[in-house]
Amino acid sequence: MTDFTGKTVFITGGARGQGRSHALAFADRGANIVILDSVEGASDSIAYDLPTQDDLDATQRDIEAKGVRCLALTGDVRHSEHIESAVKQAVSEFGSLDVTIANAGIFALRPAVETDDALWDDVIAINLSGVFRTVRAAAAQVKDSGVAGRIITIASMAGRMEFPNAVAYVAAKWGVIGLTKTFAAELGQTGTTVNVVCPTNVDTTMVTDNPDAATLFTGKDDPSEEEVEKGAAQFTKQGIPWVEPEDVTAAVLFLASPEARYITGEALTVSGGQIADNVA
Ligand SMILES: NC(=O)c1ccc[n+]([C@@H]2O[C@H](COP(=O)([O-])OP(=O)(O)OC[C@H]3O[C@@H](n4cnc5c(N)ncnc54)[C@H](O)[C@@H]3O)[C@@H](O)[C@H]2O)c1
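All values reported here derive from a predicted model rather than from experimental measurement.

**Overview of the site of the ligand**
Lining the immediate environment of the ligand, one finds 31 residues, of which Asp37, Asn103, Tyr169, Val202 and Thr204 sit closest. Here Val77 contributes a backbone N or O atom positioned 3.0 Å from a nitrogen atom of the ligand. If the ligand stood free it would expose 830 Å²; the protein chains cover 99% of that surface. Counting only elements with at least two residues in the shell around the ligand, the list comes to α1 (17–28), α5 (167–187) and α6 (205–208). Of the residues contributing to the shell around the ligand, the split by class is 15 nonpolar, eleven polar and five charged.

Right under this line is the structure:
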């Protein structure tokens, strides 16, 4: 288990779900944590509830209970100044920025021809521009400090293939992979690595408590839980409906570890073999 004692890990969208799982795992390994999450009111385009301030506070308490420090900041990845302020606070409070995880995102579903400007703009602003702004701020910090860092973005299998009814999400996630590879190339000489993790469905509110996702998996309004699991399982070669947040965390921890020092510009899938038959 890699020891991250004395390191600082910055995670967007860490109030719950995968971001929370990453935060707790790095805290377990001794890192101080900075979370930036918009909590309530991030978007009108989605059919599931966003976390509350109570969720963010609970995650902060759970991290601090592990004996490390945690800054839990309310802010929105659509605003560069919120991200830049979080990076500044990370460095001033904890002395460095070592690992950045651009994880915040939303999952909005609608047939492509019915996708209006508001939904498109929302998803692109959060899932693509928000990731760009986060990586840009982290890259500027590691360049200024001269300390090689680790930058990890979270895309999706929706960034590796088509996904009917998710045109904005798919476009954003393909874009995340492209921007990750570009930052990796530009930062290559600095020792900082930049990689992207592409999960299949993950057992978080975004998918397992989202009526639009249930309909996507089954083609039915109001399907049973069994129907949703069966529909979701068709995506993976292993026949699992979804992975757990901790499965994605394992990939993130590896990419942040010293063993991954020469891995950069890669898209690592955690997908139960979803595209095992892809020739590429
Ligand atoms: N759940 C899945 O099946 C799945 C699959 C592949 C990829 N992903 C991606 O994984 C990442 C994490 O999602 P999750 O599954 O943990 O879902 P989640 O909804 O549980 O967590 C997403 C977090 O992002 C935060 N967030 C949303 N908009 C924000 C904004 N504008 N600024 C700051 N924070 C914001 C939310 O408040 C929430 O805490 C997302 O990028 C998502 O697209 C999810």
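**Observations regarding the domain arrangement of the protein**
Domain annotation of the protein identifies domain 1 (8–199 + 243–270) and domain 2 (205–241). Using C-alpha coordinates to define each centre, domain 1 is positioned 25 Å away from domain 2. The partner domain 2 presents eleven residues to the 13 residues of domain 1 that form the contact. Along the contact surface separating domain 1 from domain 2 lie zero salt bridges. There are zero residue pairs in polar contact (both at pLDDT 80 or more) connecting domain 1 and domain 2. Among the residues forming the side of domain 1 that touches domain 2, the class breakdown is nine nonpolar, two polar and two charged.

**Some words on unusual backbone geometry**
Even without a glycine there, the phi angle at Asn165 is positive, about 75 degrees. Mapped onto the fold, Asn165 is located in the loop between β5 (150–154) and α5. You can call Asn165 partly exposed: its relative accessible area is 33%. For Asp222, which is not a glycine, the phi torsion comes out positive at approximately 55 degrees. Examined against the element boundaries, Asp222 turns out to sit in the loop between α7 (211–218) and α8 (225–233). Relative accessible area serves as the criterion here: at 76%, Asp222 is assigned to the exposed category.

**Details of the side chain of Thr193**
For Thr193, the location among the structural elements is in strand β6 (residues 193–199). Apart from the residues within four sequence positions on either side, Thr193 is in contact with Gly149, Arg150, Ile151, Leu255, Ala260, Arg261, Ile263 and Thr264.

**Some points on helix α9 (residues 245–256)**
Between its terminal C-alpha atoms α9 stretches 17 Å, which fits the 16 Å expected from twelve residues at 1.5 Å a residue. Restricting attention to buried positions, one finds in α9 the residues Pro245, Val248, Thr249, Ala251, Val252, Leu253, Leu255 and Ala256. In this structure, the buried side of α9 is in contact with α1, β4 (99–102), β5, β6 and β7 (267–270).

**A word on the pattern of salt bridges**
Side chains that differ in sign of charge can pair as their charged atoms come close. Applying the stated criterion across every chain yields a total of eight salt bridges. Across the pair Asp28 and Lys66 runs a salt bridge, and its minimum N-O distance is 2.8 Å. You can see Asp28 sitting in helix α1 and its partner Lys66 sitting in the loop between α2 (53–64) and β3 (70–74), a full 38 residues away along the chain. Of the residues examined, Asp28 reaches a relative accessible area of 45% and is grouped as partly exposed. Arg78 is paired through a salt bridge with Asp122; the nearest N and O atoms lie 3.3 Å apart. With Arg78 in the loop between β3 and α3 (80–94) and Asp122 in helix α4 (residues 117–145), the pair connects residues that are 44 residues apart, well separated along the chain. Judged by relative accessible area, which is 22%, Arg78 ranks as partly exposed. What you see here is one network of salt bridges that share partners, running through Asp76, Arg78 and Asp122.

Here is what the cut-offs are and how they apply
Residues numbered from 1 in each chain as written. Predicted model: local features only at pLDDT ≥ 70, side-chain atom pairs only at ≥ 80, totals over all residues. Heavy atoms only, no water. Near = heavy atom within 4 Å. Polar contact = N/O pair within 3.5 Å; in protein donor to acceptor, adjacent residues only side chain to side chain. Areas by Shrake-Rupley, 256 points an atom, 1.4 Å probe, with all protein chains shown as cover. Helix = DSSP H or I, 4+ residues; strand = E, 2+ residues; numbered from the N terminus. Nonpolar A, V, L, I, M, F, W, Y, C, P; charged D, E, K, R; others polar. Domains from an automatic or database assignment. Contact = heavy atoms within 4.5 Å. Salt bridge = Lys/Arg side-chain N within 4 Å of Asp/Glu carboxyl O. Buried < 20%, exposed > 50% of the residue type's maximum accessible area, 1.4 Å probe, protein only. Expected span 1.5 Å × (residues − 1).

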